[in-house]
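Here is what each chain is made of, one letter per residue.
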Amino acid sequence: MELLSAITEFAAREPKIYGLIIGLVAAAILASVINVVAMLLVWLERKVMGDLQARYGPNRVGGRWGVLQLGADAIKLFTKEDIIPRGADKSVYVWAPIVAVATTMLIAGALPFGAVIIDGREVPLVVANMDISALYVEAVLSLMAIGAFMAGYSSNNKYSMLGAFRGVARMIAYEVPMGVCVISVAVMAHSLNLVEIVNAQQNIWFAVAQPLGFVIFGIALITDLGRMPFDQTEAEEEIIAGYNTEYSGIRFGLLYFQEYIVMLLGSILLVLLFLGGWKGPVIPVISFISPMIWFFMKLLIVLVALIWIRVSLPRFRIDQVTDLGWKILLPLSLVNFVWAVAVGLYFA
Amino acid sequence: MIDLAQFYDIRFLMDLGAFSILAVLILGFSILTVWSSNMVHAALYLLGAFASVAMLYVSLNASFVGVVQVLVYIGAVGVLILFAVMLTRRTLVEEESHG
Amino acid sequence: MERLLGIEPPERAQYIRIITQELSRIQSHLLGTAEFLTLIASAVYSPFLYMIIDREDVLTCIESVTGARINHSFVRFGGVRNDLPDGFKDMTLDTLKMVREKTKDYKELFLSDSIYRRRMEGIGVLSPAEAKRLGVSGPPLRASDTPYDMRREDPYLLYKDLDFDVITRKEGDSKARVEVRLDEIIESCYIIEQCLDQIPSGPIMAEGIPKKIKPEPGEAYYRVEDHRGEMGFFVASDGTDKPVKVKARGPVYAYFQALPPLLEGVYIADVVAIAGSMDACTSEVDR
C-alpha cells in the first residue's frame, strides 16, 4: 500500500517520467504476453487443423495434447545453422525479420486486449489509448509488406523476389478497401478511438449494422495476414516458400512467428471493430472478468474460423487476387461507406 | 537567452534527448538515401527517414499528422517507390543474380 | 510374355487381374487428384487428406489379395499368385460404395468451389490433334475429347465382356482432366462390381507352366491401359531362358512432352495447375 501511494504521488508530480516508465513496463509485458499467446496460437492451429483433417496433430511433446511442441520447435530453430546465402544483400537480409516483427509489434500497443470491471466501471486494457488508434493500426498494418519485401529482395533468389512482388501488389490492392471499411466504422461510431468504437457497439455490433463492411474487412484482413486462400507470397507449390525461401534458423523462426503474431492481432482488430469487442451480458459471479471472457470467446471463434478457411479453400492466382481487390472489394467498400454515412446520419 | 538552469531539469533533458535522437535519425537516413548507390537501399533509407519524421510529429503532440505520415508516405508512397525501383532494370542495381 | 508362350490364363485369374488392376487404378487416381490438390491449394487442404484416407481403404483391399499395398508383383506367367481371400467381396463392395459416394462429394465440391473453377477452367487447353501428335494417352487424352482407351481399343483380359463407358470431356483443360479421373474412379467401381458378380470359380494358374521358361524365338508386344495411359511391353526372345530385349513404354514420358507447348506464356501459378492435372509421376518417365 505504501508503495502504491508512493507511486501515485510520483505520478502526480512527474507525469511525463511516470508515463515513460509505465509505457516501457507495459510494452515489455505486452510483448511477452503476445509472444506466448502467439505460440499457443501455433499450437491451436495445428491441433484444430488436425481435427479438421481426421488426424492427430502434435501429440508427443508436453503431454497428450502436445502443448510444448512449439517450444521444441523453437529450440530446434535456435540451434540450427544460420545461413546467409552468397550474393545476398547482407544488411537488408539481416534486418528484414527484425523489421517484420517490429512493425507487427507496433500494432499491439494501440489495441485494447479486453477490459475488466472495477467498481462497476469498465477499464479497457490498452497500453496507448490514442484518439486515433484505429487509424494508427490501419497505418501500421500497411507497413508489414515492407519486412516481407526486404526479405524477398535481399535473398537474391528469383522465387523470393516473386514472393516479395506479390506481397507488395497484394498489399496495395487491399489496403484501400480495408481503410475505407475502418473509416466506415469510425463514421458510425463517431470516433477513431478503438475503445470508443467498442463502446459504440453496446447495443448493436457493427457486423450487423454494416454486414457488407464486415465481409470486405474480413477478406482484406485475411489477405493482409497472408493466409489461405490469399497466401500467394509464400505459395510453396508455386514459388517454393516465397520471400522466406532462403531463410533458416532463427531468422526463419522470426518470419514464421511474425505471421502468427499478426494473425492474432488482426483477429483482435476484427473483434474490436465489428464483433463488439468485450461487450456482452455481465456474467454474475465473475463479473470482474466477464468482459475478458466475452472478448476471448469471440477471439477464439475468429481464430478457429481463420484456420477453418485455411484448410478448406484452394489458393487464388495472384492476378485474380488483385482483380478482386480493385474491381470488386473497392467499389463495394465505397458502397458500404455511403451506407454507413446514411445510417449514421439517420440515427444521429 | 538560454536559461542554463533548465538543463538540469530531467523533463527538458528527455525532450531534448528525444528530439536529438530523432533529428540524427532523420538527417542520417536522408544523407544515406542520397549517398547510397544501391537504389533499393536508397528507397529503404527513405522509408526510414519517413518513419523518423512520423515519430517527430508524434513527439510534437501531433499524433494525427504522424499517423497520416505513416499511412500516406510509408504505406503508399514508399511502397510505390519500392515497386517502381523493383521494376527498373536489374543492371541499375549493380548486382548479379545467382538465383 | 504369355502371348509369346501361347498360354491363356484361366478365367478366374483374369478376373482377379482385372479387379486388382481397377483397384489400383482407383487408388492411383485418388492419389493423383489428391497430390494435384496440394498443388493448387496447399499441403493443408483438407480434401487432399480425405482422399488419402479413402485410398487407405482401397489399399487394404489390394493388400488382402496381393499381400502388398502398392507395388504388388502379383501376376505370374499363366495366372496370379493368390486367390481372393474370404470376405473379400463384402469388404470390397463396402469400400467401393464409400469411394463412390466420396468421389461424388468431391465432384460436387469442385463444381461449387468458385476459386477452384477460376483456377482450372480454360487453363492449359490441349486440343485433340495436339494431344495425339504428342503421344499423350490416358486421362489427359480422354479429357481432350478423344475416346481412346486400351480397354476398348484392344481389349485385353476379359474387358470385352464387361460393360463400361470410356469417360471423355470436351474441354481439354485442367478441370476436365481432373474430372475424367474422378469419373473413372466411379467407372472402375462399376467394373469391379461386375467382376465380383461374374467371377467363376476355378483354378488361378494355367496348367503346365515349366519351371524354367524357354519361349520360342520371336517378339511380342502387349498394350494395357495403365492408370496414367497406354502402357506397352515389348519382349524379344531368342529361345533361351533370358530375354534378348525387354522394353516397357510408359505413358508419362509423353505427358512431359506435352508440357512445354502448354506451359508457354502462362502464369507461374498456372504451371502447377497444368502440370499437376497431368498427374505425371516423374520417376516413371525413364522406364
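Everything numeric in this text was worked out from a predicted model, so none of it was measured.

Enquirer: What's the story with the pattern of salt bridges in this structure? I'm lost.
Expert: When their charged atoms lie close together, side chains carrying opposite charge are able to pair. All names here are of chain C. Applying the stated criterion across every chain, the model contains eight salt bridges over all chains. Lysine 175 is the partner of glutamate 179 in a salt bridge, and the nearest nitrogen-oxygen pair spans 3.4 Å. Here glutamate 179 and its partner lysine 175 are both found in helix α9 (residues 174–198), four residues apart, which amounts to about one turn of the helix. Each of the two residues, glutamate 179 as well as lysine 175, counts as buried.

Enquirer: It is not clear to me how the interface of chain B and chain A should be interpreted in this structure. Could you clarify?
Expert: Size of an interface: often given as the accessible area lost when the parts come together. Taken together, the contacts link 30 residues of chain B with 30 residues of chain A. For the pair chain B and chain A, the summed buried area comes to about 2600 Å², and 77% of that belongs to carbon and sulfur atoms. Considering only the surface of chain B that becomes buried against chain A, Val67, Phe83 and Met86 of chain B emerge as the three largest contributors, covering 20% of it. Remark: the boundary between chain B and chain A carries zero salt bridges. Connecting chain B to chain A are zero residue pairs in polar contact (both at pLDDT 80 or more). Elements with a minimum of two residues in the side of chain B that touches chain A: α1 (10–35), α2 (39–59) and α3 (63–87) of chain B. Tallying contributions element by element places α3 of chain B first for the side of chain B that touches chain A, with 14 residues. For the side of chain B that touches chain A, the class distribution of residues is 18 nonpolar, seven polar and five charged.

Enquirer: I'm lost on unusual backbone geometry in this one. Help?
Expert: Leaving glycine aside, a negative phi is the common case for residues, and trans is the common case for peptide bonds. Even without glycine at this site, histidine 190 of chain A takes up a positive phi of about 60 degrees. Here histidine 190 of chain A shows up in the loop between α7 (158–189) and α8 (194–199). Classification of histidine 190 of chain A as exposed rests on a relative accessible area of 60%. A positive phi angle is found at asparagine 61 of chain B, which is not glycine, with a value near 65 degrees. As for its placement among the helices and strands, asparagine 61 of chain B is situated in the loop between α2 and α3.

Enquirer: Can you walk me through the interface of chain C and chain A in this structure?
Expert: In this assembly, 24 residues from chain C lie in contact with 23 residues from chain A. Around 2100 Å² of area is buried between chain C and chain A when both sides are counted, 61% of it from carbon and sulfur atoms. Our count for the contact surface shared by chain C and chain A stands at zero salt bridges. Broken down by secondary-structure element, the contributors of at least two residues to the side of chain C that touches chain A are α2 (11–40), α3 (46–66), α5 (114–120) and α11 (268–277) of chain C. The greatest single-element share of the side of chain C that touches chain A, amounting to five residues, is contributed by α3 of chain C. Tallied by class, the residues present in the side of chain C that touches chain A amount to 17 nonpolar, three polar and four charged.

Enquirer: What's the story with the domain arrangement of chain A in this structure? I'm lost.
Expert: All names here are of chain A. By domain assignment, chain A separates into domain 1 (1–79) and domain 2 (84–347). For domain 1 versus domain 2, the separation of C-alpha centres amounts to 19 Å. The interface is formed by 20 residues belonging to domain 1 together with 24 residues belonging to domain 2. Carbon and sulfur atoms supply 85% of the area that domain 1 and domain 2 bury against each other, a total of about 1900 Å² over both sides. The largest per-residue losses of area from domain 1 upon contact with domain 2 belong to Leu41, Glu45 and Leu77, which jointly make up 31% of the total buried on that side. The tally of links from domain 1 across to domain 2 stands at one salt bridge. Taking the shortest distance from any N to any O, the salt bridge between glutamate 45 and arginine 310 comes out at 2.8 Å. The interface formed by domain 1 and domain 2 includes two residue pairs in polar contact (both at pLDDT 80 or more). Counting residues per element, the ones that place at least two in the side of domain 1 that touches domain 2 are α2 (15–52) and α3 (69–79). The greatest single-element share of the side of domain 1 that touches domain 2, amounting to 16 residues, is contributed by α2. Its residues assigned to classes, the side of domain 1 that touches domain 2 comprises 16 nonpolar, two polar and two charged.

Enquirer: It is not clear to me how the nonpolar core should be interpreted in this structure. Could you clarify?
Expert: Nonpolar side chains tend to gather and get buried jointly when the protein is soluble and globular. Residue and element names in this part refer to chain A. Core analysis: the biggest nonpolar cluster contains 114 residues, and Leu111, Leu194, Phe217 and Leu273 have the highest contact counts within it. The greatest single-element share of this core, amounting to 15 residues, is contributed by helix α12 (residues 249–274). In terms of domain composition, this core takes at least three residues from each of domain 1 (1–79) and domain 2 (84–347). Other than its neighbours up to four places away in sequence, leucine 111 contacts Leu125, Val126, Val137, Leu194, Leu265, Ile268, Leu269 and Leu272.

Enquirer: Any chance you could explain the environment of alanine 275 of chain C here in plain terms?
Expert: On the secondary structure map, alanine 275 of chain C appears in helix α11. When the C-alpha atoms of alanine 275 of chain C and arginine 177 of chain C are compared, they prove to be 11 Å apart, with 98 residues separating the residues in sequence.

Enquirer: Got a minute to help me understand the UniProt feature "transmembrane region" (unreviewed entry) in chain A in this structure?
Expert: Taking the UniProt record as the reference, the feature "transmembrane region" (unreviewed entry) is found at residues 20–44, 92–113, 133–151, 172–192, 204–222, 260–278, 284–308 and 328–347 of chain A. The distance separating the terminal C-alpha atoms of residues 20–44 of chain A is 35 Å; by composition the span is 100% helix and 0% strand.

Enquirer: Would you mind going over the sheet that holds strand β4 (residues 230–237) of chain C with me for this structure?
Expert: Each strand in a sheet pairs with another by means of backbone hydrogen bonds, the pair being arranged parallel or else antiparallel. All names here are of chain C. Judged by pairing direction, the sheet is antiparallel, and its three strands sit side by side in the order β3-β4-β5 without closing on themselves. In the strand order of this sheet, the two ends are held by β3 (218–225) and β5 (245–249), each with one partner. Ignoring which end each strand starts from, the neighbouring axes of this sheet average 10 degrees apart. Bridge count between β4 and β5: five bridges; the pairing is antiparallel. Paired with alanine 236 across the two strands is lysine 245, which belongs to β5.

Enquirer: Explanation requested: the side chain of glutamate 175 of chain A in the structure shown.
Expert: Residue and element names in this part refer to chain A. Positionally, glutamate 175 belongs in helix α7. One buried charge, glutamate 175, has no salt-bridge partner; the nearest side chain with opposite charge is arginine 170, at 9.1 Å. Every residue in contact with glutamate 175, bar those within four places of it in the chain, is listed here: Glu138, Leu141, Ser142 and Asp224.

Conventions we followed
- Residues numbered from 1 in each chain as written.
- Chains lettered and ligands numbered in written order.
- Predicted model: local features only at pLDDT ≥ 70, side-chain atom pairs only at ≥ 80, totals over all residues.
- Heavy atoms only, no water.
- Salt bridge = Lys/Arg side-chain N within 4 Å of Asp/Glu carboxyl O.
- Helix = DSSP H or I, 4+ residues; strand = E, 2+ residues; numbered from the N terminus.
- Buried < 20%, exposed > 50% of the residue type's maximum accessible area, 1.4 Å probe, protein only.
- Contact = heavy atoms within 4.5 Å.
- Buried area = accessible area lost by both parts, 1.4 Å probe.
- Polar contact = N/O pair within 3.5 Å; in protein donor to acceptor, adjacent residues only side chain to side chain.
- Nonpolar A, V, L, I, M, F, W, Y, C, P; charged D, E, K, R; others polar.
- Domains from an automatic or database assignment.
- Core = buried A, V, L, I, M, F, W, Y, C linked by side-chain atoms within 4.5 Å.
- UniProt positions renumbered as here; feature names shortened; annotations may be inferred.
- Pairing = 2+ DSSP bridges.
- Axes fitted to C-alpha atoms, helices over the stretch in contact; angles between N-to-C directions.
- Lys, Arg positive; Asp, Glu negative; His and termini not counted.

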